[in-house]
Amino acid sequence: MNGLSTVFLLIGLFLLGGVYSLWKQQLPKSVITVLAIGSAMCLAAGVLRLEVWN
């Protein structure tokens, strides 16, 4: 696993934790949606950059 994919995966997991925290606090759905999309994009980029998939 190279460094950039690791960074993407860590940021994605961090944002996913933020989504869960905001959901538990019942904040506006628009904020949660934007954060969830960002998390999904980071996780997808990290997985696609893994050397296993290339």
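Residues numbered from 1 in each chain as written. Predicted model: local features only at pLDDT ≥ 70, side-chain atom pairs only at ≥ 80, totals over all residues. Heavy atoms only, no water.

1. A short note on the packing of aromatic side chains
Part 1 of the argument: Applying the stated criterion across every chain yields a total of one aromatic pair.
Part 2 of the argument: Ring centres of Tyr20 and Trp23 lie 6.2 Å apart, and the angle between their planes is 40 degrees; this geometry places the pair in the tilted category. Separated by three residues within a single helix, Tyr20 and Trp23 lie in helix 1 (residues 3-24), roughly one turn from each other. (Phe/Tyr/Trp six-rings, centres within 6.5 Å; stacked < 30°, edge-to-face > 60°. Helix = DSSP H or I, 4+ residues; strand = E, 2+ residues; numbered from the N terminus.)

2. Considering the side chain of Ser5
Part 1 of the argument: Position of Ser5 relative to the elements: it lies in helix 1.
Part 2 of the argument: In contact with Ser5, not counting residues within four places along its chain, are Gly46, Arg49 and Leu50. (Contact = heavy atoms within 4.5 Å.)

3. Here's the deal with helix 1
Part 1 of the argument: Between its first and last C-alpha, helix 1 extends 32 Å over 22 residues, near the 32 Å set by a 1.5 Å rise per residue.
Part 2 of the argument: Regarding helix 1, the residues found buried are Ser5, Leu9, Gly12, Val19 and Leu22. On an axial view of helix 1, the arc spanned by its buried residues comes to 150 degrees, and they lie on one face. In this structure, helix 1 carries Leu10, Leu13, Phe14 and Lys24 as exposed residues pointing more than 90 degrees from its buried face. (Expected span 1.5 Å × (residues − 1). Buried < 20%, exposed > 50% of the residue type's maximum accessible area, 1.4 Å probe, protein only. Arc of directions from axis to C-beta.)

4. What about helix 2 (residues 29-48)?
Part 1 of the argument: In this model helix 2 runs 28 Å from its N-terminal to its C-terminal C-alpha over 20 residues, within 8% of the 28 Å that 1.5 Å per residue would give.
Part 2 of the argument: Restricting attention to buried positions, one finds in helix 2 the residues Ile32, Ser39, Cys42 and Gly46. Buried residues of helix 2 fall within an arc of 95 degrees about the axis and therefore sit on the same side. Relative to its buried face, helix 2 has exposed residues pointing more than 90 degrees away, namely Lys29, Ser30, Val34, Met41 and Leu48.
Part 3 of the argument: In this structure, the buried residues of helix 2 make contact with helix 1.

From the geometry alone we can't say anything about function, so treat these as descriptive.
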